[in-house]
Each structure stands twice: as C-alpha cells, then as structure tokens.
Amino acid sequence: MEYHITQYDLEQGALEIQYIEEFFGEFPRKKTATEIVRRLSGRRHLILLATAPLPDDPGTVAPVSFKVAHEITVGETEPKLADLVHRLSDNVRFPGRRILYTWIGGTRRDWRGQGFFRALTEQQERWAIDQGFDEIVVKTKNKFYEMRGTLDHLRFEVVKYERHGADNAESKVYLSKKLLPEMVSKHRSAKTVVEIRD
Ligand SMILES: CC(C)(COP(=O)(O)OP(=O)(O)OC[C@H]1O[C@@H](n2cnc3c(N)ncnc32)[C@H](O)[C@@H]1OP(=O)(O)O)[C@@H](O)C(=O)NCCC(=O)NCCS
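An account of the accompanying structure is given in this report.

Each value, and the rule that gives it
- Residues numbered from 1 in each chain as written.
- Predicted model: local features only at pLDDT ≥ 70, side-chain atom pairs only at ≥ 80, totals over all residues.
- Core = buried A, V, L, I, M, F, W, Y, C linked by C-beta atoms within 7 Å.
- Buried ≥ 20, exposed ≤ 12 C-beta atoms within 10 Å, placed from the backbone.
- Helix = DSSP H or I, 4+ residues; strand = E, 2+ residues; numbered from the N terminus.
- Contact = placed C-beta atoms within 7 Å.
- Near = placed C-beta within 6 Å.
- Nonpolar A, V, L, I, M, F, W, Y, C, P; charged D, E, K, R; others polar.
- Pairing = 2+ DSSP bridges.

What to know about the nonpolar core
Grouped burial of nonpolar side chains is what soluble globular proteins tend to show. Counting residues in hydrophobic clusters, the biggest one holds 39 residues, and the most contacted among them are Ala50 and Val137. The biggest single contributor to this core is strand β2 (residues 45–54), with 6 residues. In contact with alanine 50, not counting residues within four places along its chain, are Tyr3, His4, Ile5, Val64, Ser65, Phe116, Ala119 and Leu120.

Right, dumping it as structure tokens:
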C-alpha cells in the first residue's frame, strides 16, 4: 500500500485540520482554524494529512489521518506552552537542542489499523531530522488506550507520568523519541508526499 500525504502551509492546513477534526467524536474540544493559526504562527511547525479513497466511492479521496507538530523552546511566553516546557524540563533536555512537540493527531475510525498514522509519523520524523530537530515529544492520557498502544508500536518512550489526584484514567503521560538520521532507513511505509507552500 502506498500512502498519500500532503504537507500543508499554515492557512490551508488549519482549515483542513478544522475539517478533519469534525469526524472525531472522541475529541471533547475540537480546534478551530483560528486557534491552530494562533498556535503555529511564528514557530516552526508541520501539518501533515493523509488521504484515501472512500470505500463506497473510490473515485473520491478524503482526508483520513492527520498530525500537527510545532517547536517548543525554553523561551515560551504563551502560558500553556510555558507550562508544558516547565513540566517537561526535568525529563527532556532543552538547552542546545531542538524539540518538536506533536500537538494533535489521529486517524478517522473507519481507516484505523491500516498504517496511516505510522506513515504520517515516519514522514514527521524524516522532516524533523532534515530540520535539525533532536527529539519529538507528545502528551497523552492514561485513558487514551489506542494512542498509548500506537505510540508504543512507534517506539516512543515514556518520560514522565503525572498522576491525576481523583481519577488515574485522567493522568497525563509524556512520551518522547530521540531522533537519529539512521532512523529513516528503518521506515516501513511507502508514501508519496506533496508539499503545499505559503
Ligand atoms: C491512535 C490512532 C491515531 C492510531 O491511528 P492508526 O492510523 O490506526 O494507526 P496505524 O494503523 O498507523 O498503526 C500504527 C501502529 O500502532 C499500532 N496500533 C494501532 N492502533 C492500536 C491500538 N488500538 N492498540 C495497540 N496498537 C495499535 C499498529 O498495530 C501499528 O503498529 P505496527 O506498525 O508496528 O504494526 C487512532 O486510533 C486514533 O486516532 N485514535 C483516537 C485518537 C485519540 O485517542 N486521541 C486522544 C488524544 S492523545
């Protein structure tokens, strides 16, 4: 199987992400395009989407999986990101290194288990290595079992666990993967990548 991936520019990518998130019943609060633009502007970022034919109408392709990541640094001033960096700083080394944070991502239910997220993750790794990033970090929750299982398969390591006082299912789990150029040769997904530039 060959995966079809598009790397979007900010404005169009934000609209695409807003659109695809509508298909995710499990996301409690969906991101708007405005929110996505606000978060990503002025920082190095990557918006990737995979498309696939609709089973009942193979002539039509639709976005089925996505991944959005951006750089985080010790100098963050936006409170949410400053807090994230603070929480990570005991477990992820920032000085002199470039850290990519996978902010949001997922695969639409009907297309899960077909390798779309692996294909996006491998493309993200290739891009991040090319851009000089040293590590990719991601945050999830204990209760997101599918995501935890997937990150395990994709060889992310747990770097921090933050216990939620009342409900352990809500506890936060931080994971990371250190990047090495030779990783790219171990990638498994065949893919075509189209880049849409600003
Ligand atoms: C997690 C998610 C992105 C996986 O997407 P996907 O396209 O089905 O993943 P892939 O098919 O590319 O699978 C990648 C790897 O993870 C494994 N995997 C996928 N789903 C899994 C699951 N539910 N449990 C365990 N492993 C799983 C696959 O076997 C595969 O491993 P392999 O390549 O070594 O065989 C998708 O299930 C999803 O969107 N879930 C909801 C997202 C969510 O919970 N978000 C909450 C915020 S973090």
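Having seen the structure, we can now continue with the description.
Comments concerning the site of the ligand
If you check the shell around the ligand, you find 19 residues, and the closest are Gly106, Thr107, Phe117, Gly149 and His153. If you list the elements that add at least two residues to the shell around the ligand, you get β4 (99–107), α4 (116–130) and α5 (145–153). Looking at the shell around the ligand, the element that brings in the most residues is α5, giving 5 residues. Residue composition of the shell around the ligand, grouped by class: 5 nonpolar, 10 polar and 4 charged.

Things to note about the pairing of strand β8 (residues 190–195)
Here β8 lies mainly on the outside; 0 of its 6 residues are buried. Relative to β8, strand β1 (residues 2–8) runs parallel, the two sharing 6 bridges. The partner of glutamate 2 across the bridge, within β8, is alanine 190.

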